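Reading the structure
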Amino acid sequence: MEADREWMYEGRIVNGMFSNKWGDKVDEFVAFALRHPECVNGGTAIRCPCTLVKCQNKKFLNVETVKVHLYKNGFVPDYYVWIYHGEKEVHQRCSRSVRVSVSETDQMVSDNMNHTTYHRMVCDAAGPEFNPDEEPNAEARNFYDMIRAGDKPLYEGNSKHTQLSAAVRMLEIKCRHKCSQAWFDDMSNFIQELLPPDNLMPLDFYSTKKLVRGLGLPVQVIHCCANNCMIYWGDDSDLNSCKKCGHARYKQTVRGSGNRLYIRKLKGPYKKMHYFPITPRLQRLYASTATANEMRWHSEHHMEDGKMCHPSDAPAWKHFDGCFPDFSSEVRNVRLGLFADGFQPFGQSGQQYSLWPVVVTPYNLPPDLYMKEEFMFLTVLVPGPTNPKGKIDVFLQPLIAELKSLWGVGVQTYDISKRQNFQMRAALMWTINDFPAYSMMSGWSTAGMLACPHCMEDSDAFRLIKSGKQSWFDNHRKFLPINHPYRRNTKDFIKNRKVTKQFPGVRSGDEILQDLNNRGLRKVMDVDAKVVNAAISKTCGWNKRSIFWDLPYWREHLLRHNLDVMHIEKNVFDNIFNTVFNIPGKTKDTYKSRDELNKYCRRPQFAQNLVTSKYPDVPFVLNKSQKKDVLEWVKKLRFPDGYASNLGRCVDAKKLKMFGMKSHDCHVFMQRLLPIALREFLPNRIWEPLTEISLFFKQLTSSSLTDEELRNLDEQIPVILCNLEKIFPPSFFDSMEHLPVHLAYEARIAGPVHYRWMYPPERYLRKIKHKIMNKAQVEGSISIGYIMDEAAKFASFYFKEGDPTLPLKEKRNEVYLDDIVDDDMFEIFKPPGKAIGAEGKRYLADNEYTAAHLYILMNCPEVQPFIDVFITEKRRQFPNLNDEVVNVVTEQEFPSWFEKYVHNRMARGRGRGSTLPGRTSFGTGSQASGMPDPGRGSGVDEGPQQTEDVVNVLQQHHQQTSPHHGPGIVMNDRETWEGEEGEDADVGETSPEHPTEESLPIAQFDPTIDNPTKLEPSGSISRVLRTIFRKSFKPHGHNWKSLTDRDRLMIWREFKKAYRWTQTKEAVKRVFYKHAASRYKDTVYEVKDKWLKKKEQDLSVPNHVFQEWRRRWEDPDYSKRCEKQSGNRRSERAGEGSGMSTHTCGSRSMREHERALTLKEGKKPSAPRLFRYTHTKGHDDQTFVDQRSRAANARYEEMLAAATQAYCQSTSGSCDGATGSSQSSAPPVDTNQIWYEAVDGKEKMPVYGVGSSTSSFYSHRRPDYSAPSSGPFSNLFSTMEDFQDAVRNAIQYQLADTERRMIDYEDDRDELRLRFDWLAKKCQEGGLHFNPDDLPQIVRRNVPAIASTPAPAATPTATASGSAAAADSSTPVPDISPYGPDTSQHHDDDARLDD
């Protein structure tokens, strides 16, 4: 068959092109896969067998994508048998080694094929040594019986089942549904009634078990001492009494009377354990095609982006490989983990009985198979009813001996995936236990002040005076950097104590083993172990020498025993929750802790009141109403199906507490709910440390981790614990609050936490508990159930649908994708579930709509190529961004970017063949003839049909997500996208002055103000402007004046997409530029302030832009100018000590106050009247707000009196009462002019006291743009050099490089035309006449000449190519450039584009 399929790796590319013959073969492969529904997902998705790391028969993709991947990457190596696409590989070791595929046996009858499958099952179970040609021994006879049963049909004429297949199916159903033997017997009898009389269906459970006994694996029953002193095994197997305590091995009874008494041995021993050898169970992993390939996954997978997703990526695994290269060179050698835990088989109210299973699991498997029930092997069943405690090593002796044998010699094993034998070896990597069992396994006591197995004798724990408990308070400052301020803090921790020592680090295996040898500790199996170890344990934390040190490689491990994150997290949460909720009997804030608090800390505010004998409330405890609010919120919470249990059932509304929370409930509450629940009720100084510990556990338990992330966590956790010490009393900190300081280190050494915590073992123990059918024989009942489960699970691999990676039953609320008939629906809307309850309708709030929109985009496979383009661009702009920041930026910016990206590509793709990521072209089948487009796909032409599907998908997305649909939005192929005909065309405009899109908000200005500077509603417009600015920053755009006219025009265009107006477009645009200038200044200042004060880069600014701005900000000249301007703003203009200028205008401008006074008094106020109104308290015209205003008013009064007196003398009239007060009649002089002279109004444009109303009182201060020109370019450019710069700027656009044109070719063309027209018009005014179409060539040839050309006459004659109005240089021409002196005269660039 290999020869028939050599085409898979040959002939894909011929003469630089894909081979048609090879493509036909790929089509045949896809058709073959689709003929096997069990290998098809969703009707059209199959496993992709290309060489990509993410594929390799692991990822389901649609068939067209699979074809593209195969064309690009080819098939994964050695995939001659298509086992992931429906082909069954059959290795008949019973007679000869052959491969039989389904494609070769399609014509065979189904019963023969079924028999072959179960023959293979029997051969796999028998092992490679099984030879049918030899005379069968007693053990092999079981396999012969099964082979014969596999050949016998269940009854005459039945082609679906044989006697063997029916037996194993019934057995599998019993085990899967946890049915009793009585149910099995009754069901077998009922089936007998349904079948013909001569059927071969097993009659009961006993006959079924007897038939399939060969599928089961061995179990050994070993007698034990009743006091757990020893086991009767090995050299001690023949003893009749315990060699340590002398207790008899067997139960005995006394018979007879008088002198005829005698002792008779009864049948059974006092106690017995069950041992399940692991060697045959590991061999079976390589005997089945369902698991053999997966056992090499740990070596074949590749670590991506430095993320550890498996223990094989971690330093501990790699260190072990380096220490033992002969072991690591064979990738099929097995790495094991071991866990042990006890449970009560009879419940809390039943008989006290402690049963301890010991389970091992292989780490070779991929993440989706690791620690599944099928791959967790029960090895030792330590009998009850007492807890073995430190004597558990006695029961581990058979396991350790087998592990030593598997390490030293190994065992010959047949690998069915490679069809060869190899010498399999195994090594135990570490143990996984809760904290009490940690002591049982390691030999280090986890109780007392030396409980921490990492700190050991370096612990700073102490015993509290009042409560007498051990406390780890102030035990974490030694983990901080040596110069951290907390080390010198003598107030918030133990008073008057500074910490200078550092944590010495975790001891190595050699150091620990040397310490054990030096102290002389014994193994618990030794005769004198109890006496010797008891004496030594009083001086140290060791209480025995663990049996695991007998393993020759144990000392080389970087991590031997794991701290269980599950139980640590639960205990930390319980302490926090019970203390914050002040749960009686569980809170750590007790009267004893208050009494001893100030003996250790300086917190007198929490001491007992000697008068009332009461203790004050502490800020970290909630009051009654707050607890009610939190619990009501928890009661109403709803989680996704299967995410968490119903926490509402744990709420006790009467006692204001939560009860019955399991470890996973605490896990969810700790990581997801705790910061939210307490946010509104606790002060920030308390809430923030609690949130930090919550986020610590959340990040620690991530499925993939990087070394950098774990180092950061390792640095953060001591600070977090120190912050908690500043809040809670010393009694709060037991050993569980200390252990988190070591968790990040263990994760950095051994890999992700979910491979080393107790959640899977705890769930497995629950299944073991359910196997107890006979409570009088607990261990025997579990043993029988486990053996049957093993046989049933092994047989299920050979069923038609047998695959350990797939669930055996449909999950709750699950719907298969095959039931969804709408093929045009997005993948995200094909839910693997169904609605619960009656449907309802409601309108989403804005934040809900935004969240739903983002969720759809982020989880829609059709959008994934665009997300990749966006992330690639962001990483190009900011090379140093980590994944967390990239995710945040993607969520914030991708939706708007995606809408613009698609619109631009679709608008330019009509008629130009523009492509989208992963596609070739739209309807043309060839590359666009225009400008090249970035971010293209594979370049494989998928045909018009595929192209049209993409177009429809994008149109559908636009219709679903766009907040409004104007006439320009694409609805079919003949319509145009918004902006296609003209980039500046308004949506829905019938004329430039009157937009008609009713769904857009209106932007307008106050027409009663002479010189408005902002549009209303100013708040929302300012927010829109900030968003536009942050998406269009330029290196030269450090302030508004430095922006080019094209930059400002693009900002205006973006603004038009969000607002409409009812006033004239020119007026709105003029005010818009003023408003935008003010907001741009604020936006840039925020970026600048963030950098100069905090040294933080604003991520919304592209890196190359930020670096240019930073260079300018750090320029010494720029700094000097800023300081000078700042000094001017802070100057005391009325003299030293007068203070800065103030007023009572509030947020209203002087112009608004002027209008208000006019309406109030019925006449326009004078400049001094407006000044008094806005610079006196309560507008009383008497009490001025500062010294400068008083001095200005005094000068004005003095000058007014002098002017009035001079007027009276010149007219010889009476001037009585002619003062400048507000109550007098108008004086016979110009008060506005007197005020202008009094405040020296010539200094700056805004005259002091009247501000924005300056032009209202002093018309000569308005800019005069109608003044006659003094030269041909004087009304255009101040110097000839400025004109040269403008011309060169135009040339820059005309000679723009390819990258600029790729961004927006149409914009460049229109903008270039606009600039040339403008320059032509200006040059004509200056006496240079030519056709605008010839400007590029003229500019190239004449720029130097223009600079040296003498100024022509002031009023040149217009040529035929120029307009008569423009030729008259005395005619005022508005300056359309934003660099012009007055933006209020800004030319309407859009009219030129609209035309």
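Quick caveat, the model's predicted, so the values are computed rather than measured.

1. Quick notes on the overall build of the chain
Within the chain, the regular secondary structure consists of 46 helices and 23 strands. When each of the 1395 residues of the chain is scored for burial, the buried share is 47%. Partitioning the intrachain contacts of the chain with sequence separation of at least 6 by distance along the chain shows that 64% fall at a separation of at least 24.

2. Remarks on the pairing of strand E12 (residues 377–382)
E12 sits mainly inside the fold: six of its six residues count as buried. In this structure, strand E8 (residues 271–275) lies alongside E12, joined through two bridges in antiparallel fashion. Its bridge partner being in E12, Tyr275 is matched across the sheet by Val380. Strand direction decides the pairing type here: strand E11 (residues 356–362) and E12, joined by five bridges, are antiparallel. Bridge pairing in E12 links Val360 to Phe377.

3. A look at the nonpolar core
Counting 190 residues, the largest nonpolar core has Phe548, Met658 and Phe669 as its most contacted members. Per element, the largest residue contribution to this core is nine residues, and it comes from helix H26 (residues 778–796). The residues contacting Phe548, other than those within four sequence positions of it, are Leu338, Leu396, Ile400, Leu428, Thr431, Met441, Trp554 and His561. Within the second largest apolar cluster, 32 residues are counted, among which are Ile1051, Tyr1059, Trp1109 and Tyr1118.

4. Observations concerning the sheet that holds E8
Strand order in the open sheet formed by seven strands is E5-E8-E12-E11-E10-E15-E18, with mixed pairing between adjacent strands. In the strand order of this sheet, the two ends are held by strand E5 (220–224) and strand E18 (561–562), each with one partner. Of the strand pairs in this sheet, strand E10 (residues 334–340) and strand E15 (residues 426–432) are connected by six bridges, and their pairing is parallel. Note that in E15 the partner of Phe339 across the bridge is Ile432. Helix-sheet contacts for H26 involve E8 and E12, and the interaxial angle to E12 is about 170°.

5. Focus on the packing of helix H20 (residues 663–678) against helix H21 (residues 684–700)
The geometry of H20 relative to H21 is characterised by a closest axis approach of 8 Å and an angle of 165° between their N-to-C directions. Considering their axes alone, H20 and H21 lie roughly antiparallel with respect to each other. Classified by chirality, the crossing of H21 by H20 is left-handed. Contacts from Met670, Gln671, Arg672, Leu674, Pro675 and Leu678 in H20 reach Trp687, Leu690, Thr691, Ile693, Ser694, Phe697 and Lys698 in H21. The residue inventory of the contact of H20 with H21, partitioned by class, reads eight nonpolar, three polar and two charged.

6. Section: the pattern of salt bridges
Applying the stated criterion to the full structure yields 43 salt bridges. The partner of Asp236 in a salt bridge is Lys243, and the shortest N-O contact between them spans 2.9 Å. Between Glu457 and Arg507 there is a salt bridge, with the nearest N and O atoms lying 3.0 Å from each other. Here Glu457 is found in the loop between helix H14 (435–442) and strand E16 (462–463), whereas its partner Arg507 is found in the loop between strand E17 (470–471) and helix H15 (509–519), with 50 residues between them in sequence. Residue Arg507 is classed as partly exposed on the basis of its relative accessible area, which comes to 28%.

7. Description of unusual backbone geometry
Residues Gly384 and Pro385 are joined by a peptide bond in cis, for which omega reads 5°. Summarising the element assignment, Pro385 is placed in the loop between E12 and helix H12 (392–395). With an omega of 0°, the peptide bond running from Glu1016 to Pro1017 counts as cis. Along the chain, Pro1017 falls in the loop between strand E23 (994–995) and helix H31 (1018–1030). Even without a glycine there, the phi angle at Asp305 is positive, about 55°. You can see Asp305 is positioned in the loop between helix H9 (297–300) and strand E9 (307–308). For Asp305, a relative accessible area of 69% gives the class exposed. Its identity is not glycine, yet Asn496 carries a phi of approximately 60°, on the positive side. The residue Asn496 is located in the loop between E17 and H15 in this model.

8. Notes on the packing of aromatic side chains
Tallied over the full model, the rule gives 62 aromatic pairs. With a centroid separation of 5.7 Å and 75° between ring planes, the pair formed by Phe577 and Phe669 is classed as edge-to-face. Of this pair, Phe577 sits in helix H17 (residues 565–580) while Phe669 sits in helix H20; the two residues are 92 residues apart in sequence, bridging distant segments of the chain. According to the relative accessible area criterion, Phe577 is buried, its value standing at 5%.

9. Brief notes about the packing of helix H33 (residues 1065–1094) against helix H34 (residues 1103–1113)
In the contact formed by H33 and H34, the axes pass within 11 Å of each other and the chain directions differ by 80°. Relative to H34, the element H33 lies roughly perpendicular. Here H33 contributes Tyr1080, Val1084, Val1087, Lys1088 and Trp1091 to the contact with H34, which in turn contributes Phe1106, Trp1109, Arg1110 and Trp1113. Considered class by class, the residues forming the contact of H33 with H34 number seven nonpolar, no polar and two charged.

10. Notes on the pairing of E8
Counting buried positions along E8 gives four out of five residues, so the element sits mostly inside the fold. For E5 and E8, the ladder comprises five bridges, and the chain directions are antiparallel. Looking across to E8, one finds that Val221 is bridged to His274.

11. Notes on helix H36 (residues 1150–1161)
Under the 1.5 Å per step criterion, the end-to-end length of H36 is 16 Å for twelve residues, consistent within 8% with the ideal 16 Å. Count one or two residues on from H36 and you reach Gly1162, which has phi positive near 80°.

12. Re the side chain of Thr431
Counting through the fold element by element, Thr431 comes out in strand E15. One polar contact links Thr431 to His561, side chain to side chain, over a distance of 2.7 Å. Ignoring any residue separated from it by four or fewer positions in sequence, one finds Thr431 in contact with Leu338, Met441, Phe548, Trp554, Arg560, His561 and Asn562.

13. Here's the deal with helix H22 (residues 707–725)
Under the 1.5 Å per step criterion, the end-to-end length of H22 is 28 Å for 19 residues, consistent within 8% with the ideal 27 Å. Of all bends in H22, the biggest is about 25°, found at Gln716, and the proline Pro718 comes one to four residues later. Within H22 the residues assigned to the buried category are Leu710, Leu713, Ile717, Pro718, Ile720, Leu721, Cys722, Asn723, Leu724 and Glu725. On its buried face, H22 sits against E9, H21, strand E21 (705–706), helix H23 (735–738) and helix H24 (740–750).

14. A short note on the side chain of Asp393
With respect to the secondary-structure elements, Asp393 resides in helix H12. Within the local environment of Asp393, its side chain forms a polar contact with the side chain of Lys544, the two groups lying 3.1 Å apart. A polar side-chain atom of Asp393 sits 3.1 Å from the main-chain amide nitrogen of Ile547. Setting aside residues up to four positions removed in sequence, Asp393 forms contacts with Met440, Val524, Met525, Lys544, Arg545, Ser546 and Ile547.

15. Concerning the confidence of the model for the chain
This prediction gives the chain a mean pLDDT of 75; 71% of its residues lie at or above 70. Note that residues 800–808 has pLDDT below 50 and, in this model, 17 contacts with residues that lie over four places away or in other chains. Segment residues 1261–1279: pLDDT under 50, and 32 contacts once partners within four positions in sequence are set aside and those in other chains are kept.

16. Quick notes on the environment of Asn517
Inspection of the secondary structure assignment puts Asn517 in helix H15. Taking relative accessible area as the criterion, Asn517 reaches 45% and is therefore assigned partly exposed. C-alpha separation for the pair Asn517 and Arg545, spaced 28 residues apart in sequence, amounts to 8.9 Å.

Conventions used here
Residues numbered from 1 in each chain as written. Predicted model: local features only at pLDDT ≥ 70, side-chain atom pairs only at ≥ 80, totals over all residues. Heavy atoms only, no water. Helix = DSSP H or I, 4+ residues; strand = E, 2+ residues; numbered from the N terminus. Buried < 20%, exposed > 50% of the residue type's maximum accessible area, 1.4 Å probe, protein only. Contact = heavy atoms within 4.5 Å. Pairing = 2+ DSSP bridges. Core = buried A, V, L, I, M, F, W, Y, C linked by side-chain atoms within 4.5 Å. Axes fitted to C-alpha atoms, helices over the stretch in contact; angles between N-to-C directions. Parallel < 35°, antiparallel > 145°, perpendicular 65-115°, else oblique. Left-handed = near helix turned anticlockwise from the far one by under 90°. Nonpolar A, V, L, I, M, F, W, Y, C, P; charged D, E, K, R; others polar. Salt bridge = Lys/Arg side-chain N within 4 Å of Asp/Glu carboxyl O. Phe/Tyr/Trp six-rings, centres within 6.5 Å; stacked < 30°, edge-to-face > 60°. Expected span 1.5 Å × (residues − 1). Polar contact = N/O pair within 3.5 Å; in protein donor to acceptor, adjacent residues only side chain to side chain. Bend = angle between axes of the 7 residues up to and from the residue. pLDDT = per-residue confidence, 0-100.

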